[in-house]
Amino acid sequence: AKCVDIALSSCTDVAYTQMVYPNFLDQKSREVIEYSSEYLLISVLHNLLQGECNPDLRLLGCSVLAPQCEKDKVIKPCRHVCSSEQDIWMHLDKPCPVWMYYIHLSFDCSFVFYNSSSYKDNLKKSAGEVDAEEDLPSDLPATFIQFKHHSYSQMVSTLKKTASKCSHIATTYSIGRSFEGKDLFVIEFSTKPGHHELLKPEFKYIGNMHGNEVVGKELLIYLAQYLCSEYLLGNPRIQTLINNTRIHLLPSLNPDGYELAAEEGAGYNGWVIGRQTAQNLDLNRNFPDLTSEAYRRAGIRGARLDHIPIPQSYWWGKVAPETKAVMKWLRSIPFVLSASLHGGELVVTYPYDYSRHPMEEKMFSPTPDEKVFKMLAKAYADAHPVISDRSELRCGGNFVKRGGIINGAEWYSFTGGMADFNYLHTNCFEVTVEVGCEKFPLEEELFTIWHENKGALLNYMEMVHRGIKGIVSDKFGNPIKNARISVRGIQHDVTTAADGDYWRLLPPGTFIISAQAPGYSRVMKRVTIPARMKQAGRVDFVLRPAEAWPNKLLRRSMEDAYDPYDPLELFDPHAQHGQPEARGGSAAGREKPWWWSYFSSLDLHKPLWLLKQ
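Residues numbered from 1 in each chain as written. Predicted model: local features only at pLDDT ≥ 70, side-chain atom pairs only at ≥ 80, totals over all residues. Heavy atoms only, no water.

Looking at an unreviewed UniProt entry, the protein chain carries the name CBPZ Carboxypeptidase, with the source organism given as Peucedramus taeniatus. Word for word, the UniProt comment on the protein chain under Cofactor (unreviewed entry) is "Zn(2+)". (UniProt positions renumbered as here; feature names shortened; annotations may be inferred.)

### Some words on the overall build of the protein chain
For the protein chain, the helix and strand inventory stands at 21 helices and 20 strands. Looking at the 613 residues of the protein chain, the share that counts as buried comes to 53%. For the protein chain, the share of sequence-separated contacts (at least 6 apart) that also reach a separation of at least 24 residues comes to 75%. (Helix = DSSP H or I, 4+ residues; strand = E, 2+ residues; numbered from the N terminus. Buried < 20%, exposed > 50% of the residue type's maximum accessible area, 1.4 Å probe, protein only. Contact = heavy atoms within 4.5 Å.)

### Focus: the packing of helix α9 (residues 215-233) against helix α17 (residues 446-462)
For the pair α9 and α17, the least separation of the axes is 10 Å and the interaxial angle reads 70°. The orientation of α9 with respect to α17, classified from their angle, is roughly perpendicular. Relative to α17, the crossing made by α9 is right-handed. Across the interface between the two elements, V215, L219, Y222, L223, Y226 and L227 from α9 touch L446, I449, W450, N453, K454, L457, L458 and M461 from α17. (Axes fitted to C-alpha atoms, helices over the stretch in contact; angles between N-to-C directions. Parallel < 35°, antiparallel > 145°, perpendicular 65-115°, else oblique. Left-handed = near helix turned anticlockwise from the far one by under 90°.)

### Looking at the sheet that holds strand β8 (residues 246-250)
In any sheet, the strands associate via hydrogen bonds between backbone groups, in a parallel or an antiparallel arrangement. Spatial ordering of the open sheet is given by β5-β6-β8-β7-β9-β12-β10-β11, a layout of 8 strands whose pairing is mixed. Strands at the two margins of the open sheet, each flanked by one partner only, are β5 (170-177) and β11 (405-407). Strand-to-strand twist in this sheet, taken as the mean axis angle between neighbours without regard to direction, amounts to 25°. Inspection of the sheet shows β5 paired to strand β6 (residues 183-189) by 6 bridges, in the antiparallel sense. Bridge pairing links R177 to D183 in β6. The strands that helix α13 (residues 321-332) touches are β5, β6, β7 (202-207), β8 and β9 (335-342); relative to β5, the one it contacts most, it runs at about 130°. (Pairing = 2+ DSSP bridges.)

### A look at the environment of S174
Tracing the chain through its elements places S174 in strand β5. Since its relative accessible area comes to 6%, S174 is described here as buried. Counting along the chain gives 151 residues from S174 to A325, while the straight-line C-alpha distance between them is 9.5 Å. Of the polar contacts made by the side chain of S174, one reaches the backbone oxygen of G176; its length is 2.8 Å. Of note is the side chain of S174, whose polar atom sits 2.9 Å from the side chain of D183. (Polar contact = N/O pair within 3.5 Å; in protein donor to acceptor, adjacent residues only side chain to side chain.)

### Some words on the state of the cysteines
Summed over all chains, the structure comprises 3 disulfides. Here C3 engages in a disulfide with C69; their sulfurs sit 1.9 Å apart. For the disulfide bridge between C3 and C69, the dihedral angle about the S-S bond is near -75°, and by the sign convention the bridge is left-handed. Taken together, the positions of C3 in strand β1 (residues 3-5) and C69 in strand β3 (residues 68-70) put the pair 66 residues apart, joining distant regions of the chain. In this structure C3 comes out as buried when scored by relative accessible area, which is 12%. By relative accessible area, which is 4% here, C69 ends up buried. What pairs with C166 in a disulfide is C228, and their sulfur atoms sit 1.9 Å apart. With the S-S dihedral at roughly 90°, the linkage between C166 and C228 falls on the right-handed side. Here the residue C166 occupies a position in the loop between α8 (152-165) and β5, and C228 occupies one in helix α9, the gap between them amounting to 62 residues. In this structure C166 comes out as buried when scored by relative accessible area, which is 0%. (Disulfide = S-S within 2.5 Å.)

Okay, structure coming up:
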C-alpha cells in the first residue's frame, strides 16, 4: 500500500487527507472509482433523497471508497457505526432504507469495518468540532433541554435526535441548500409526519433569517425538544396542538450568515456582520415586491389583492437560493399561518411592511385583513411577559402604548419582505416577531429568553385554528382545487388546496362567505364567529356547474395564477449553488433553443425533463 492524496470531489471534506489504492471494493484507480455505481450514488445521494437522510451516510461511503491511509498503512473505519446506522435507518419510512440496503449489499459491515472509535471521531473532526452533548449524563430527565448556542452541525444533530426520539409524530427534511451548500433543515410535528391531512392546518416558524439574529434559531431548537418531550409525557395542551396541527420549524434560514456572526461570538450585538447571506444579500429584502402591485390594484373595481404572480422582471436581479427555496416551499404546502423570528427589539410587526407612498418611511399601511393581523400580533405580544408589560421602556423603540405591536410600514418601510410576499402570493398570514433586544446574547441569558417566549410561541401556534375551515366539492363529492373563498368587505381571498380543503383566518363577527371556481356557480353563506370560539368553525360548500362564466376578470386571475415561464419550476433547491458554473453558463443564462417557447407554454403537459436540461 502507498498513501496518495484524496482526489475524489465528493469525499474531499473527510477528516483525513490521504487514501490508498486499491480500496475495499478492489477498485485500483481514481477513474475506476469515479465511474463506479457506488461513487455515483454517493455523489447524488443528497439530491436523490432530498436531504431527508443522515448526512453521515456519505462520509460512511467515502470511508470505504477512499479508505484512510497513514504511513502507507490502511486504517479501517469501525464496524459498529455501520451496523448502528443500518439499525436506525432501516426502520424509517424514507428513501434511506434503499440506500442502507445498498450499503449492506456492497460494503458488508462485517467484512470492511472493525470495532474502533476512529470512524466516529473522524465524523466529528470533519464537522470541525466535538459535540458537547456526547458528554452529558445518560440519566437525564426526558424534559432536559441544553440552553446553549448551537453550531450548524449541532443544530442538525439535535433536530435529528429529537425526530428520532418522537419518530411517530416528528420527522426532519430539507427545503433546499444555502449558497454555501448547507441544508435548510426543518423539523415537522404531526400525527402523520410528511403528509398533509385533510382539514389539518399547516403552520410554520422561521428563524435566523438574518444570520446575526440568533435568538429565533435557538428558540425553535428548544421548542422542537419541548414539543417532543411534552407530547411523550402526555401534556394535554401539546398533544391537542400536535394532533390537530401540522407544525414546521425552520430554525436557520441563513446558516452561512450565522457562521460569520458566530466568529464574533456571543455578546457581540452586531447589526451588520453576518446579517446577510454569503452572497451579501439581505433575505428580508430579496423577495418579489408584490406590495406595489397590490397598491396599484387596490383602486381597480373587482380586482383581488391575493395570489399576485411574480413579475418577470424580478428574475432579472440576484435571487438568493435561500429565497427560492422558501418560495418553492410555500407552493408545495398550503400554509395557513406563520411567523418569522428576528432580534434587536421587542415588538410584533404585521403587513404591510412597504409604505403606500414610496417616499414615506413611516406610514400606516394596512392590508385588507388589518383586524386579523392585529388579532394575530396581539396573540403573541399579550402572551409575552416583557412585551406586554406596559410599565417599562425596552430596547430602542417605545411600543408600550401600542401594546407591543405595530404595522410594519409604520415602524419603517422596506420592500421585498417575506411577510408581504406570504400574504400577497399565497394563503399564508405571516407576522414578524422581534424576540429580544440583543441579536446574539450570552448563553447564560438563553434560559430566561426561552421562558419569556415559550408561552407566546404556543399561543401563536394555536391561532391557526381561528376563523373557519371546510371543504369545497361538486355535487358528487369530488374536491375542487383552487376554488376561491371570499369574504364580503375584505378584498383578499384564499384558495382551496389539492383536496378541496381551505382555512380562512377571521376575527369574531358575522361575515358573508362565498365560494366560487371556474365552471361552477357561486355559493354564499352567512357565518357568525363567537368571540369565545377557540376552534375554526366548519363551513363546507357544494358547487354546481354553471352554464356560463360571468366574471372574466376573476376567471383570468384564477387560471393565470403563475406565469407561463416560471423559473421556480426549474429551480432545484438541493443543488450546490456556490460552485462555479460549467462552461457555457447556466441553462437560464444561455440563449433558449427555437423550440423553447412552444414546450414551455404547454402548461400542465410541458416536458419538464426536457426544459431542465
